[in-house]
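Each chain, letter by letter, is given below.
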Amino acid sequence: MSEKPDYRNYVNPGPKGSRFTANWQAEYLPDGETYLEDKTGTIIDALIGSVRAGSVVRVRRLFCLAPWSGSPQKRRNAVANRVQAIRDRKGHILEAETGRTTAERGGCAKMIMGAYEDIASAGRAIAKGRTGRPPKYEFTDAEWEVIGGIWTSRKYANDGARLASIEKRLGRVPGRTLIRNKLGSPHKGRE
């Protein structure tokens, strides 16, 4: 007769205003003894002390084991130390969202690398309305002739004025670097 695994859930609510709330983390942690971290940050020590051989510590994602304050390097070190402390006590960690566990071969390394990446990219969301890199325009030979005429004209005081004129004429403008690479300096050939 096999016995049910001993689950210990760890919830570390993010700072005020964070999307990593206690409810967000607890969604994936249904049953078992739950350790809810407080501002002192000492509950993790109680959790590690309660781990026995065969215990499974469940977190939604491994980066939730890290403290929320401190530099990314300190947070990465804290995650690694806490994972090692749990493994030293013969326990395992289960990422409830991904299903990865430290009990499987190579699982610990994958989980730690994922946590490092999550810690490094925390707070770097894509701005609202941005979908990434702006589209690259394709220009015909006739449009490049117009661009070349405006670019080499002495009529404009600087690159900004030249680019504004190109945009006014064509409705779109290539980047300054692309124009300089393709057509060269607007001052070439002048004495």
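For the structure itself, look to the data block above.
Analysis parameters
Residues numbered from 1 in each chain as written. Predicted model: local features only at pLDDT ≥ 70, side-chain atom pairs only at ≥ 80, totals over all residues. Heavy atoms only, no water. Helix = DSSP H or I, 4+ residues; strand = E, 2+ residues; numbered from the N terminus. Expected span 1.5 Å × (residues − 1). Buried < 20%, exposed > 50% of the residue type's maximum accessible area, 1.4 Å probe, protein only. Arc of directions from axis to C-beta. Contact = heavy atoms within 4.5 Å. Pairing = 2+ DSSP bridges. Axes fitted to C-alpha atoms, helices over the stretch in contact; angles between N-to-C directions. Core = buried A, V, L, I, M, F, W, Y, C linked by side-chain atoms within 4.5 Å.

Undergrad: Can you break down helix α5 (residues 141-152) residue by residue, with the values?
TA: With 12 residues, α5 ought to run about 16 Å at 1.5 Å a step, and its terminal C-alpha atoms sit 16 Å apart, in line with that. For α5, the set of buried residues is E143, W144, I147, G148, I150 and W151. One side of α5 carries all its buried residues, which in axial view fall inside an arc of 170°. Seen from the buried face of α5, the exposed residues on the opposite side, beyond 90 degrees, are D141, A142 and E145. Where α5 is buried, its residues meet α6 (159-170) and α7 (176-183).

Undergrad: Can you break down the sheet that holds strand β4 (residues 92-95) residue by residue, with the values?
TA: The pairing of strands in a sheet comes from backbone hydrogen bonds and takes either a parallel or an antiparallel form. Spatially, β2-β1-β3-β4 is the arrangement adopted by the four strands of the open sheet, whose pairing is parallel. Each end of this open sheet is capped by a strand with a single partner; those strands are β2 (33-36) and β4. Mean inter-strand twist for the sheet, computed between neighbouring axes without regard to direction, equals 25°. Against the sheet, helix α2 (residues 43-50) touches β1 (6-11), β2 and β3 (55-59), its axis set at about 150° to β2.

Undergrad: Account for the nonpolar core, with residues named and values stated.
TA: Of all hydrophobic cores here, the largest spans 24 residues; its most connected members are Y10, L62, F63, L65, V79, V83 and I93. Among the secondary structure elements, those contributing two or more residues to this core are α2, β3, α3 (72-88) and α4 (107-120). With near-sequence residues (within four places) excluded, L62 lies in contact with V79, V83, I93, E95, M111, I112 and A115. In this structure, I150, Y156, L163 and I166 belong to the second largest nonpolar core, which totals nine residues.

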